[in-house]
Amino acid sequence: MIINFARRAHDHNWELDPITRSLLDTDFYKLLMLQFIWKNFPDTKATFSLINRTSHVRLGEVIDVEQLREQLEHTRTIGFKRSELIWLAGNSFYGRRGIFESAFLDWLQNDFSLSDYELTVEDGQINLSFRGLWSATSMWEIYALSIIGELKTRAALKQLGELELDILYARAKSRLWEKMERLRGVPNLSISDFGTRRRHSFLWHEYVVNAMRDAIGPGFAGTSNAFLSYKHDLEAIGTNGHELPMAMAALSNNEEELRTAQYRLLELWQQSYQGELLILLPDTFGTTQFLRDAPGWVANWTGQRIDSKDAYLAGDEYIAWLERHYRDPRRKRLIASDALDVEQILGLHAYFSGRLRNGATPDDFHCAADFNDCERWVPERRIRFSAGWGTLLTNDFRNCNPQGGESFNPVSLVCKLTEIEGRPAVKLSDNYAKALGEPTETERYRRVFGVAGLADVPVLT
């Protein structure tokens, strides 16, 4: 069904139009991590907090805080449906069945609930935090981000007339189609939707995912959104996130435990998951130090996701590390996921999935025709490369507003673990601009882990 977005936005007059339609409307890795938390840290308490890195956008003045409260309250009333639990129990994920234990699914059905929250507005910014059991707070991350993002969208839509709404969505659809055209037919392409947390809206997200499937066919590997995977019979994509090593590190009692926490987490994770779910996320405290000090068995893991480092540098660093550990990089997976758009995806695919010839560079690849020119490129993968495409897939309305301005531009909004068992949590990242945590703790972590390989570049999305 093709949705008339302009008509729907213009005619909308429902008292409450729920943004969270299902508890599955989250990133798949949150469910994998929730099972891990339920199993290993059932009594651990945690706090998650909203952080607006695009601080010049005063979200508390854009969004009606009472509407936000209504959406949060609505989300707390939702439970997992029986059909959703049957899907989690019986579906094959990454070629494996039964990755969700029956006891965990029983807990989801009978005992899972979201924590309470604290919501205020201060100096034009939204202060939102979630405190309680880790198993009750973790899932709020994606729900909160998608709710706030869509409320921001709705506020901007209200400023447009019907013709202007038509123009807005016509421009956005045209841009999306141009991107799909450039990706269509690129050999051995693998792209997944990673755009739940900063999407324009749920309905636009669903439209984009269906467009990806129709336009680029087998090059579309699936979606990180569990609900869209369930609803449209797509592959669910996702493994683990930063909150796990952040928590393990914060729970450490001395500097030696702090230094090795990231590897103790991997030991725990591989007790529950195998195969394609063994994907490293090494940038929590810096990729370079992670690889430098990693025990030899870490090279047995299936691959690595790049989140905050220049993807070319990070990919080369990982490949060289694998070779030093006598592993064949061509059998490993490399996932880029930071602020990607078409140009970066095509360039990275050219660089990692083939051999550049006759002076060609990644910047020379703009569509399928460039990859079919054997004078410049031949398929000869260095590693199994795939792209997790996020904000600029599901929320690229830049310069689409017929009134001008930036009201539809995405903001860099995160909801991160800030405290575990009363201890502050820290994320250093490979990018100084993405570091999170209390200044004194952040500096202590930098003394312990070092700053090798870290850069300072603007945060785009």
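Use the structure listed above.
### Some points on the overall build of the chain
Next, step 1: When helices and strands are tallied, the chain shows 19 helices and 15 strands.
Next, step 2: A compact globule built from 461 residues should have a C-alpha radius of gyration of about 23 Å, and the chain, at 22 Å, falls within 12% of that.
Next, step 3: Each principal axis of the C-alpha distribution contributes one length, and for the chain these read about 60 × 60 × 45 Å.
Next, step 4: In the chain, buried positions account for 58% of the 461 residues.
Next, step 5: In the chain, once contacts between residues fewer than 6 apart in sequence are set aside, the share between residues at least 24 apart is 77%.
Next, step 6: Accessible surface, the chain: about 18900 Å² in total, of which carbon and sulfur atoms supply 48%.
Next, step 7: Taking the average location of the 54 positive side-chain charges in the chain and that of its 63 negative ones, the two points are 4 Å from each other.

### What to know about the sheet that holds strand β5 (residues 125-133)
In sheet architecture, strand pairing relies on hydrogen bonds along the backbone and comes in two forms, parallel and antiparallel.
Next, step 1: Across the sheet, five strands lie side by side as β4-β5-β1-β14-β15; this open sheet has antiparallel pairing. At either margin of the open sheet sits one strand with a lone partner, and together these are β4 (117-122) and β15 (423-424).
Next, step 2: As defined by bridge partners, strand β1 (residues 45-52) adjoins strand β14 (residues 413-420) across seven bridges and the pair is classed as antiparallel. In the sheet register, L50 faces β14, and the bridge partner there is C415.

### Re unusual backbone geometry
Next, step 1: The phi dihedral of N188 falls on the positive side, at around 60°, and the residue is not glycine.
Next, step 2: Here N188 lies in the loop between α9 (162-183) and β6 (191-193).
Next, step 3: Its identity as a non-glycine residue notwithstanding, Y326 has a phi of 60°, on the positive side.
Next, step 4: Its location among the elements puts Y326 in the loop between α15 (311-324) and β10 (333-336).

### A look at the sheet that holds strand β9 (residues 303-306)
Next, step 1: Pairing in this open sheet of six strands is parallel, and the strands run β7-β6-β13-β10-β9-β8 from one edge to the other. Here the strands that pair on one side only, and so sit at the sheet edges, are β7 (220-223) and β8 (279-280).
Next, step 2: With respect to the sheet, helix α10 (residues 202-216) is in contact with β6, β7 and β13 (384-389), its orientation differing from that of β7 by roughly 160°.

### Notes on the packing of α9 against helix α16 (residues 342-353)
Next, step 1: It is at 10 Å that the axes of α9 and α16 come closest, and there the two elements cross at 10°. Judged by the inter-axis angle, α9 sits roughly parallel to α16. Taken together, the residues of α16 that come into contact with α9 (itself represented by K179, R182 and L183) are V342, E343, I345 and L346.
Next, step 2: Taken together, the residues that form the contact of α9 with α16 break down as four nonpolar, no polar and three charged.

### Points about the pattern of salt bridges
Next, step 1: This structure, assessed with the given rule, holds 36 salt bridges.
Next, step 2: The partner of R292 in a salt bridge is D293, with the nearest N and O atoms 3.0 Å apart.
Next, step 3: When the shortest N-O distance is used, the salt bridge between D370 and R376 registers 2.6 Å.
Next, step 4: Residue class for D370 comes out buried when judged on its relative accessible area of 12%.
Next, step 5: Through salt bridges that share partners, D27, K30, E141, R197 and E243 make up one connected network.

### Focus on the packing of aromatic side chains
Next, step 1: Per the counting criterion, the structure on display carries 37 aromatic pairs.
Next, step 2: Centroid distance Y351 to F352: 4.9 Å. Interplanar angle 85°. Geometry classified as edge-to-face.
Next, step 3: An aromatic cluster is present here, built from F28, W38, F80, W87, F93, F100, F104, W107, F112, F202, F227 and Y230 joined pairwise through their rings.
Next, step 4: The positively charged end of R376 is found above the aromatic ring belonging to F365, 5.6 Å away from the centroid.
Next, step 5: Sitting over the face of the ring of Y351, R382 holds its NZ or CZ atom 4.9 Å from the ring centroid.

Analysis parameters
Residues numbered from 1 in each chain as written. Predicted model: local features only at pLDDT ≥ 70, side-chain atom pairs only at ≥ 80, totals over all residues. Heavy atoms only, no water. Helix = DSSP H or I, 4+ residues; strand = E, 2+ residues; numbered from the N terminus. Rg over C-alpha atoms; globule rule 2.2 N^0.38 Å. Buried < 20%, exposed > 50% of the residue type's maximum accessible area, 1.4 Å probe, protein only. Contact = heavy atoms within 4.5 Å. Areas by Shrake-Rupley, 256 points an atom, 1.4 Å probe, with all protein chains shown as cover. Lys, Arg positive; Asp, Glu negative; His and termini not counted. Charge placed at Lys NZ, Arg CZ, Asp CG, Glu CD. Pairing = 2+ DSSP bridges. Axes fitted to C-alpha atoms, helices over the stretch in contact; angles between N-to-C directions. Parallel < 35°, antiparallel > 145°, perpendicular 65-115°, else oblique. Nonpolar A, V, L, I, M, F, W, Y, C, P; charged D, E, K, R; others polar. Salt bridge = Lys/Arg side-chain N within 4 Å of Asp/Glu carboxyl O. Phe/Tyr/Trp six-rings, centres within 6.5 Å; stacked < 30°, edge-to-face > 60°. Lys NZ or Arg CZ within 6 Å of the ring centre and 35° of its normal.

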